[in-house]
Amino acid sequence: MVVKVQYAKPKFFWTMTAHQPSTSSGLTAADSLILRKNEKLLRGCPSIQHASKVLPTLITEPQNCESERICLVGKSKRGFNIYRLASLKNSVYFIPGYLDAGTVTRVASEIVEDLIDNPPHANSLPEPRKNLWHEYLQDPLDQSLAMNKLRWSCVGYHYDWGNRSYDPTKRSKFPKSFTAYYEEILACINEVTERPLSGKAESAIINFYHSHRISDRLGGHRDDVEVTDATPLVSLSLGLGGIFLIEDQAIYLQSGDVLVMADEARQSLHAVPVIFSGDRRSSSRVHLDKDPIANFLAKTRISISVRQVYSEAPAPVDVHNLCFYSVKYHGQEEADQRLV
Ligand SMILES: O=C(O)CCC(=O)C(=O)O
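Treat the numbers as computed from the prediction; the structure is a model and nothing was measured.

## Let's talk about the overall build of the protein chain
Along its length, the protein chain carries 9 helices and 16 strands. Each of the 340 residues in the protein chain was classed as buried or not, and the buried ones make up 47%. Looking at the protein chain alone, contacts between residues at least 24 apart form 73% of all its contacts between residues at least 6 apart.

Okay, here's the thing in structure tokens:
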């Protein structure tokens, strides 16, 4: 079965074609239904001002895909499959399941319990607020709480969405863990590619997509404000799955997946028009027990997009000199077993 979602505006259009595969790794019937329900939302998705000629195909099963749209570049030493989209001059890399369920939970905890509280605050809330998570724990179902409304938060150099700029004087704590992931991921890709990627993690936008708020989607935009936009942008996905559109492609991003936009892709138009409000695979990658973080992730998608803003790019990361940050993907089966 094929679900087609038309996303049309006068000068451009994106059409998503969601195949409903028979295997467990693809979109479930419920997710396909969500895609269909989102048809109107996709039509209304604002600010895409670019003519995309090709009909994107939802990439859900890269492990089986040897087509020209996406290809397996290689396997890293730690066993991660590294894929590359054929469009945008091979500058988009995709590593499914890079973070295991435990790591996803740990990263999410660091975000909600620490990072979003660090002054000076740069987030979507009208006024600076502290202790959002503490307040949320009192009544997680209260949709009026700031934590249930928080749309984005900056760490490191703050991005000013209104002026589309960074101000070198506005900066909050940048976590060592984000630097470690940025470097590890580039090193992992460098193991299998000829042209090494390098960059320095200086800033991250943490996006929150709450499944109960249909407006929490990301319209088409370019991350091209950074002075050093030649360096890669590394994006980590936690919690619910979603559709990531990039130029003529649509990728099904799930909890633990990593996407890297390098070179050509740094100027590319991308968007997140659909979040799946309970897709089985993503929620099985988080611990669905009484842990409030796991519960939050079961109803929220968090993305962390780490980038360099100002300084010159350092030499390519050498994988042999890295101290790894305990990242291991234990596989879907183990994640499933933890649910039992
Ligand atoms: O949520 C995502 O995966 C994309 C985030 C993004 O495009 C951005 O932060 O600029």
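Now, onward.
## Considering the environment of Asp 117
By the secondary structure assignment, Asp 117 is in the loop between α4 (101-113) and α5 (132-138). Spatially, the C-alpha atom of Asp 117 lies 9.2 Å from that of Pro 128, the residues being 11 residues apart in sequence. If we ignore the near neighbours within four places in the chain, the residues touching Asp 117 are Lys 130, Asn 131 and Leu 132.

## Brief notes about the environment of Asn 90
Note that Asn 90 resides in helix α3 (residues 87-90). Between the C-alpha atom of Asn 90 and that of Ala 265, which follows or precedes it by 175 residues, the distance is 8.5 Å.

## A short note on the site of the ligand
Around the ligand, the surrounding shell consists of Ile 205, Asn 207, Leu 218, Asp 223, Ser 235, Ser 237, Phe 244, His 270, Val 272, Ser 303 and Ser 305. For the shell around the ligand, the secondary-structure elements that each account for two or more residues are β9 (203-210), β11 (233-239), β15 (270-275) and β16 (300-307). A breakdown of the residues in the shell around the ligand according to their chemical character gives 4 nonpolar, 6 polar and 1 charged.

## Let's talk about α4
If you check α4, its first and last C-alpha atoms are 18 Å apart, about what 13 residues at 1.5 Å a residue would give, namely 18 Å. Within α4, burial applies to Ala 101, Thr 103, Val 104, Thr 105, Val 107, Ala 108, Ile 111 and Val 112.

## A closer look at the pairing of β11
Counting buried positions along β11 gives 7 out of 7 residues, so the element sits mostly inside the fold. For β11 and strand β14 (residues 258-261), the ladder comprises 4 bridges, and the chain directions are antiparallel. Of the residues in β14, the one forming a bridge with Ser 235 is Leu 259. Pairing of β11 with β16 involves 6 bridges; the strand directions are antiparallel. Along β16, the bridge assignment pairs Val 234 with Val 306.

## Digging into the sheet that holds strand β7 (residues 152-160)
One open sheet accounts for 9 strands, arranged β4-β5-β6-β14-β11-β16-β9-β7-β8; its pairing is antiparallel. A single partner strand is all that each edge strand has here, and the edge strands are β4 (70-75) and β8 (165-171). The average undirected angle you get between the axes of adjacent strands in this sheet is 30°. Sheet topology places strand β6 (residues 92-95) next to β14; 4 bridges connect them, and they run antiparallel. Bridging across to β14, Ile 95 finds its partner in Val 258. Sheet contacts for α4: β9, β11 and β16; angle to β11, the most-contacted strand, approximately 100°. On top of the sheet, helix α6 (residues 176-190) reaches β5 (81-85), β6, β9, β11, β14 and β16; it is set at about 75° to β16, its chief contact.

## Thoughts on the nonpolar core
The biggest cluster of nonpolar side chains holds 77 residues, and the ones touching the most others in it are Val 92, Ala 108, Ile 185, Leu 259 and Val 260. Here this core takes 8 residues from α6, the largest share from any one element. Setting aside anything within four residues of it in sequence, one finds Leu 259 in contact with Val 92, Phe 94, Ser 235, Phe 244, Ile 251 and Leu 253.

## Digging into α6
With 15 residues, α6 should cover 21 Å at 1.5 Å per step; its first-to-last C-alpha distance of 21 Å lies within 8% of that length. In the core, the buried residues of α6 are packed alongside β5, β6, β9, β11, β14 and β16.

## Description of the confidence of the model for the protein chain
On average, residues of the protein chain score 75 in pLDDT, and 67% of them reach the 70 mark or higher. Below a pLDDT of 50 lies the segment residues 1-26, which in the model reaches 67 contacts outside its immediate sequence neighbourhood of four places, other chains included. Segment residues 39-55: pLDDT under 50, and 39 contacts once partners within four positions in sequence are set aside and those in other chains are kept.

## A few points about unusual backbone geometry
For the bond running from Pro 119 to Pro 120, omega is -10°, close enough to zero to count as cis. Tracing the chain through its elements places Pro 120 in the loop between α4 and α5.

Parameters and conventions
- Residues numbered from 1 in each chain as written.
- Predicted model: local features only at pLDDT ≥ 70, side-chain atom pairs only at ≥ 80, totals over all residues.
- Helix = DSSP H or I, 4+ residues; strand = E, 2+ residues; numbered from the N terminus.
- Buried ≥ 20, exposed ≤ 12 C-beta atoms within 10 Å, placed from the backbone.
- Contact = placed C-beta atoms within 7 Å.
- Near = placed C-beta within 6 Å.
- Nonpolar A, V, L, I, M, F, W, Y, C, P; charged D, E, K, R; others polar.
- Expected span 1.5 Å × (residues − 1).
- Pairing = 2+ DSSP bridges.
- Axes fitted to C-alpha atoms, helices over the stretch in contact; angles between N-to-C directions.
- Core = buried A, V, L, I, M, F, W, Y, C linked by C-beta atoms within 7 Å.
- pLDDT = per-residue confidence, 0-100.

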